[in-house]
Amino acid sequence: MSSPRTSDVLVIGGGIIGLVTAWRAAQRGFATAVVDPAPGGGAAQVAAGMLAAVTELHHGEQTLLGLNLASARRYPEFAAELTELTGHDLGYRRCGTLAVALDSDDRAHLRELHALQQQSGLESEWLSGRECRRLEPLLAPGVRGGLRVDGDHQIDPRRLTGALVAACERVGVTFHRVRAERLSVVGERAAGVVTRDGSALDAGQVVLAGGSLSGRLAGVPQDVLPPVRPVKGQVLRLTVPPRYAPFLSRTVRAVVRGSQVYLVPRENGELVVGATSEELGWDTTVTAGGVYGLLRDAHELVPGITELPLTETRAGLRPGSPDNAPLLGPTELAGLLLATGHYRNGVLLTPVTGDAMAHALATGELPDEARPFTPRRFGATALSEQPA
Ligand code: GLY
């Protein structure tokens, strides 16, 4: 039997954001389809999976913090629900994070972050270098201090993706394994897509959740096209042999000479080291310089890392937006909604995005917590109202 070519909701993009949207939409009773040549791919195949609302706080991003925290709070229940439905272990690990400093510049940076966290009412504790090493004995002797954040956890994004595909299948989501080539607009309303093989998929509502590709879909009117760009991240995977375990007991991260580096230890012995941040368009080349920089910085934090087998090097594309926050919900084109632009927080924001999108599909409105993330903030009217 061929799969239905008409649905209530058609989600363009089968990465974690598209999948969670489809799952939640189908749970609400919408006949839902996902169009993607390879569902379960995308940036989550590269991401480390830090759920780092507190350690990734930045000045000027307090509104985003609210959404990040809302999603972090939902994670335990979200992960339990997915595991119960699919039987998949998601590698959700409530291990906390330690952000450390190696020199006085890094320490000043971390002190500023601590002050911002305190102003924002977040829990974090300043530790001396010695206290950091007591928590993580393999840290370099040069560590000068750190911030202990017990609420920033991790999940394995590859397992999360696999579980979301399974959850979608369980609730009857249809997968069209083909590329969406062009949005169809009929009578000033989004009506579906035309796929690469030339066939039409029709839908009552269309959700564009194509990650960094979201700004490139043909047929989307210019004033509605999301201002999303690719931001390359190179990530390494190492393996901790049982004789070295436990290597690290929590995520360890730092800013080393201005570059972010993090080490995320999984329970299964995988150690993820990330990530570069490069504005190079659609390039996903793994470079000697990228790998060298990550290993050099990780080695400064945890010298024993050079003993570990290096098992994978890969680059992914974060969907960056002009204010580093996602674009969620209805657009000025009737029938077209966005779920994109999650930048550094896609894995963290997965639970809240699924809920917000299902609400928007059912009611036409975003729930209160997601309202600041309307795509309309970048629309022609919004931009013309900004001071010159
Ligand atoms: N959130 C980590 C990263 O984007 O590298």
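The protein chain goes by glycine oxidase in an unreviewed UniProt entry, where it is assigned to Streptomyces asoensis. UniProt, in its Pathway (unreviewed entry) section for the protein chain, records the words "Cofactor biosynthesis; thiamine diphosphate biosynthesis." Under the Catalytic activity (unreviewed entry) heading, UniProt states for the protein chain: "glycine + O2 + H2O = glyoxylate + H2O2 + NH4(+)".

**Student:** Can you help me understand the pattern of salt bridges in this one?
**Tutor:** Between side chains of opposite charge, a pair can form as their charged atoms come close. One pass over the structure, following the stated rule, counts 24 salt bridges. The salt bridge partner of Glu56 is Arg344, with a shortest N-O separation of 3.2 Å. Taken together, the positions of Glu56 in the loop between β3 (50–51) and α2 (62–86) and Arg344 in the loop between β18 (336–340) and α7 (350–363) put the pair 288 residues apart, joining distant regions of the chain. Salt bridges sharing common partners tie together Asp89, Asp156, Arg159, Arg237, Arg266 and Glu270.

**Student:** Help me understand the side chain of Glu270 in this model?
**Tutor:** Looking at where Glu270 falls in the secondary structure, it is placed in strand β15 (residues 270–274). The exposure class assigned to Glu270 is buried, which follows from its relative accessible area of 18%. With residues near it in sequence (within four places) discarded, Glu270 still touches Asp156, Arg237, Leu238, Val264 and Pro265.

**Student:** Looking at this model, I keep getting lost on the pairing of strand β4 (residues 97–101). Mind explaining?
**Tutor:** Across a regular strand the side chains alternate sides, sitting on one face of the sheet and then on the other. Taken across its five residues, β4 has five buried, putting it largely inside the fold. One ladder, built from five bridges, connects β4 with strand β6 (residues 145–149); its direction is antiparallel. By the bridge assignment, Leu98 is partnered in β6 with Arg148.

Thresholds applied
Residues numbered from 1 in each chain as written. Predicted model: local features only at pLDDT ≥ 70, side-chain atom pairs only at ≥ 80, totals over all residues. Heavy atoms only, no water. UniProt positions renumbered as here; feature names shortened; annotations may be inferred. Salt bridge = Lys/Arg side-chain N within 4 Å of Asp/Glu carboxyl O. Helix = DSSP H or I, 4+ residues; strand = E, 2+ residues; numbered from the N terminus. Buried < 20%, exposed > 50% of the residue type's maximum accessible area, 1.4 Å probe, protein only. Contact = heavy atoms within 4.5 Å. Pairing = 2+ DSSP bridges.

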